[in-house]
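Here is how the chains run, residue by residue.
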Amino acid sequence: MNHALDPLTATEIDIAARVTREHSGIDDTAWFETITLDEPRQTILRTPAPSNRCAYVCCYERSSNRTLRGVVDLTAEALLQWDHIEGVQARIPSDEFADGARIIKDDPRFQAACAERGIDDLDTVLVETWAAGNFGIPEEDGERIAYCHCWVINDAGDNRYGRPIANLHPVVDLCRREVIRIDDFGAVDLPPDTAAIRPVDNLRQDIKPLEITQPEGPSFTVDGYGVHWQKWQIRVGFNQREGLVLHDIGYDDKGCLRPIMRRASMAEMVVPYGDPGAGNVRRNAFDTGEYGVGAALDSLKLGCDCLGHIHYFDICSHDWTGAPKAIENAICMHEEDYGLLWKHTDAQSGKARAVRSRRLVISTIATIGNYVYGFFWYFYQDGNIGVEVKATGIPFPTALQPGETPEHGTIIAPGITSHVHQHVFSYRFDMAVDGDENSVAEVEFAGAPMGDGNPYGNLIKIVERPLTSEAAAAREMNLATARYWKVQNPSTLNKFGQPTAYKLAPGINALPFLDPQAPVAKRAGFMYKHFWATQFDRDQLYPAGWYPNQSKGGDGLSEWVQADRPLENEDVVVWYTMNLHHLPRPEDWPVQPVVYADFHWMPDGFFDENPALDVPPNKPA
Ligand code: CO
């Protein structure tokens, strides 16, 4: 018996595809962008009222260039709803991405452009059909366009991005399946082959085994997709678009299960690149909304991706025909030693108490073209929740003219530059701090001149103010005031009479450099504020809107908050933008060591005291 929030099974995906094909009126040219759980929004941390499981389905019909979507009741095998969404383009699934490459390689103009560059064997050419964005080009308007980037695969065959073909950008209409033009900004010599990833004879010899053993097993228990660990309760979920989703996050406090979040996910991301030249301006990836992270999850390997006593969750994705595609070991869960949790040494007696920390790690890794993103969630014994991205893979390489010094990138290998860019992630948190009715506050600090009440100039004033509506709650970080934000429950007070709260503690971040009028910026308004809060709305799930592929903008967070709905004692959703600013280094070639970016949720008056006092000290070794 599935829990209402369990990911769809292969059987359910089959049913959803079949029912849609039979009842929606789509023709044979239609393919499936998304078949994923249509999540019921039940009472948090309680068994939902029994209702049939449903699938959300989105299709693209090539014959009519239409995007259609609806809901399938999986028990009744009935199509409950089916709508044509006008003027939008579905995401580009991997099958269509590959199809685009085939169309381009068959085009004589592309073959001629390759031949001009001395490339005759098209089997060695990698063509990637990137989402085109919307740059106001008339012949692209309303069509289903991809703007492509090309490489020659390195000789070792282990780096498909090893030798960039600069300035060659086929533009393909994926609806009519034809190349509409080749943007050729002039041939640049292929860089030398420096791209082999694996050193063959010189692996270091002085590394001894490091083994993690848990002789009595892990401290978590798992029931289906439900997890209990060290007072935490979490439901693991999956969505074809966002990938890993966590539901019903709560903490067992002295026998009382206290909700914190209903749902948490990485809801959108965009990676704008900073080179204004030639075809490079078209390079920016909304990996979630344009391609989908869920379908790109790796099948993880014990001992390689994950070390220790691992529990893997399998999930089921699907291909564009609607056939289920199981991803075994898609979600990894394990415990990690995390150094000290707390310590005190009594100066007089010398007696020390030191307690070690461990954390529960729930993670996925998505390989999206050249880049690899690890999406990590950490739960700690002191009530903290950590959110981290691990960025690795191959930095996007572009070939340089001989002697050229790149203005907007670094030379990362002979003849190769990688341009400055930002990885901007938008996390969505459907908050439920001690219940659904929450309020939002901002906390800042200020000094004051020496004088009355501040004789030695050391005063730090604490300024906490409510953010009472959506427009007021669109905020940036501020180093000068050490600003952070809190989500509170005004009707649940701690023993000091303060509303129980969780605080969002920012970490690595940056602001965008895109001109707000830039075509990409208009589609990604979310990137201009680090913190947003909105009233829950079932349709407001994705901060660049449901259909960012080729959108002109005008949908998403920055539009929604213009409604300026109240946020006091309301059903609050918090959005956090984490901007990982990245100028690649030579050390990032041919494959980039993991770069980390993170932030935390911390209990702030949620508990009456350190909730980890009851963690037993380890025995001295
Ligand atoms: Co990067």
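Remember, it's a predicted structure, so these values are computed and weren't measured experimentally. (Residues numbered from 1 in each chain as written. Predicted model: local features only at pLDDT ≥ 70, side-chain atom pairs only at ≥ 80, totals over all residues. Heavy atoms only, no water.)

Participant: Honestly, the state of the cysteines in this entry has me stumped. Any pointers?
Facilitator: Defined simply, a disulfide is a covalent bond joining two cysteines at their sulfur atoms. All told, the structure shown has 0 disulfides when counted by the stated rule. Free of any disulfide, Cys54 has its nearest neighbouring cysteine sulfur in Cys59, separated by 16 Å. There is no disulfide at Cys150, and the cysteine sulfur nearest it, in Cys114, is 6.5 Å away. (Disulfide = S-S within 2.5 Å.)

Participant: When you look at the sheet that holds strand β23 (residues 416-419) in this model, what are you seeing that I'm missing?
Facilitator: Sheet strands line up and pair through hydrogen bonds in the backbone, either parallel or antiparallel. An order of β21-β23-β22 is seen for the 3 strands of this open sheet, with the pairing classed as antiparallel. For this open sheet the edge positions go to β21 (397-399) and β22 (409-413), each flanked by a neighbour on one side alone. Ignoring strand direction, the axes of neighbouring strands in this sheet form an average angle of 45°. Pairing of β22 with β23 involves 4 bridges; the strand directions are antiparallel. Paired with Ile411 across the bridge in β23 is Thr417. (Pairing = 2+ DSSP bridges. Helix = DSSP H or I, 4+ residues; strand = E, 2+ residues; numbered from the N terminus. Axes fitted to C-alpha atoms, helices over the stretch in contact; angles between N-to-C directions.)

Participant: Please clarify how a nonpolar patch on the surface should be interpreted in this entry.
Facilitator: Taken together, Leu210, Ile212 and Leu307 make up a surface patch of nonpolar side chains, about 300 Å² in accessible area. Note that Ile212 resides in the loop between β9 (178-184) and β10 (220-223). (Patch = residues over 30% accessible without salt bridge, like charges linked within 9 Å, V, L, I, M, F, W, Y side chains within 5 Å. Areas by Shrake-Rupley, 256 points an atom, 1.4 Å probe, with all protein chains shown as cover. Salt bridge = Lys/Arg side-chain N within 4 Å of Asp/Glu carboxyl O.)

Participant: Where do I start with the coordination of the cobalt ion in this structure?
Facilitator: Between any two of four tetrahedral donors, the ideal angle at the metal is 109.5 degrees; between two of six octahedral donors, it is 90 or 180 degrees. Taken together, the protein ligands of the cobalt ion are Tyr371 (OH), His421 (NE2), His423 (NE2) and His582 (ND1), with distances of 2.0 Å. Coordination at the cobalt ion is irregular: its 4 donor atoms span angles of 90 to 141° at the metal. Sequence positions of the donors to the cobalt ion reduce to the motif Y-x49-H-x1-H-x158-H. Of the two residues, His421 and His423, both sit in the buried class. (Donors = N, O, S within 2.8 Å, 3.2 Å for Na, K, Ca; no water. Tetrahedral: all angles 85-135°; square planar, octahedral: opposite > 155°, others 65-115°. Buried < 20%, exposed > 50% of the residue type's maximum accessible area, 1.4 Å probe, protein only.)

Participant: Can you walk me through the confidence of the model for the protein chain in this structure?
Facilitator: Low-confidence regions, as indicated by low pLDDT, have predicted coordinates that should not be scrutinised in detail. Chain-level pLDDT for the protein chain is 94 on average; 98% of the residues reach the 70-or-more range. Across residues 43-47, confidence stays below pLDDT 50; counting only partners more than four residues off in sequence or on other chains, it has 12 contacts. (pLDDT = per-residue confidence, 0-100. Contact = heavy atoms within 4.5 Å.)

Participant: Looking at this model, I keep getting lost on unusual backbone geometry. Mind explaining?
Facilitator: Leaving glycine aside, a negative phi is the common case for residues, and trans is the common case for peptide bonds. Cis geometry marks the peptide bond from Trp589 to Pro590; its omega dihedral reads 0°. Within the secondary structure, Pro590 is located in the loop between β30 (570-582) and β31 (592-603). Unlike most non-glycine residues, Asn65 shows phi in positive territory, near 50°. If you trace the backbone, Asn65 turns up in the loop between β2 (54-61) and β3 (66-73). For Lys254, which is not a glycine, the phi torsion comes out positive at approximately 50°. You can see Lys254 is positioned in the loop between β13 (243-253) and β14 (256-272).

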